[in-house]
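Residue-level structure breakdown
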Amino acid sequence: MKTSPNMPCPCGSGKKYKKCCSRYHKGAFAPDALSLMRSRYSAYAAGEVHYIIKTTHPDNPDYTKEIKSWAKDIAQFSKGTDFLGLTILEFMDGGEEAYVTFSAKLSTGKLKEKSRFLKVEGKWLYADGEFL
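Residues numbered from 1 in each chain as written. Predicted model: local features only at pLDDT ≥ 70, side-chain atom pairs only at ≥ 80, totals over all residues. Heavy atoms only, no water.

1. Considering the pattern of salt bridges
For the structure on display, the rule yields two salt bridges. The partner of E97 in a salt bridge is R116, and the shortest N-O contact between them spans 3.1 Å. With E97 in strand β2 (residues 97–106) and R116 in strand β3 (residues 109–120), this pair connects stretches of sequence that are 19 residues apart. Assessed through its relative accessible area of 35%, E97 is described here as partly exposed. Judged by its relative accessible area of 22%, R116 is partly exposed. The residue R116 makes a salt bridge to D128 at a minimum N-O spacing of 2.8 Å. Here R116, found in strand β3, pairs with D128, found in strand β4 (residues 123–131); they are 12 residues apart in sequence, far enough to count as distant. Overall, the relative accessible area of 24% leaves D128 in the partly exposed class. Here the salt bridges do not stand alone but share partners, grouping E97, R116 and D128 into one network. (Salt bridge = Lys/Arg side-chain N within 4 Å of Asp/Glu carboxyl O. Helix = DSSP H or I, 4+ residues; strand = E, 2+ residues; numbered from the N terminus. Buried < 20%, exposed > 50% of the residue type's maximum accessible area, 1.4 Å probe, protein only.)

In structure tokens form, the structure reads like this:
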């Protein structure tokens, strides 16, 4: 799905996409784990496959060096899913490790996860998550 710059950001911030998560998708670094989590949700909604890959920690169970196959899987999930809403339930900030618990309403059902993020060389990456 192509996300219009003037539409509301899929992350639910209330800002326009161009003033919110789009800047991260274009290369800016998320300043904290919460911003990264929101921008990853928006990336799935917008079909920004390479952003998902770029912001995934190499130790994540889904991480693979088979980028083409991984990108195809992410794109298929993004195209086959409507992202209907994101609710942040808890944010536990830390210097090098942080947690975001969220609920996402998807066309395929509701997803609730406690995500763990690690800061590597000054950049936040999605490490893993526990479904709740």
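Still more ground to cover, so stick around.
2. Examining helix α2 (residues 33–46)
With 14 residues, α2 extends 19 Å between its outermost C-alpha atoms, agreeing within 8% with the 20 Å of an ideal straight helix rising 1.5 Å per residue. Within α2, 11 of the 14 residues are buried, which leaves it mostly tucked inside the rest of the structure. Within the sequence span of α2, burial applies to A33, S35, L36, M37, S39, R40, Y41, S42, A43, A45 and A46. The inward-facing, buried residues of α2 contact α1 (22–25), α3 (49–54), β1 (83–92), β2, β3 and β4. If you check the start of α2, you find a side-chain oxygen 3.3 Å away from the backbone N of L34, and it comes from D32. Just past α2, the residue G47 takes up positive phi, approximately 75°. (Expected span 1.5 Å × (residues − 1). Contact = heavy atoms within 4.5 Å. Polar contact = N/O pair within 3.5 Å; in protein donor to acceptor, adjacent residues only side chain to side chain.)

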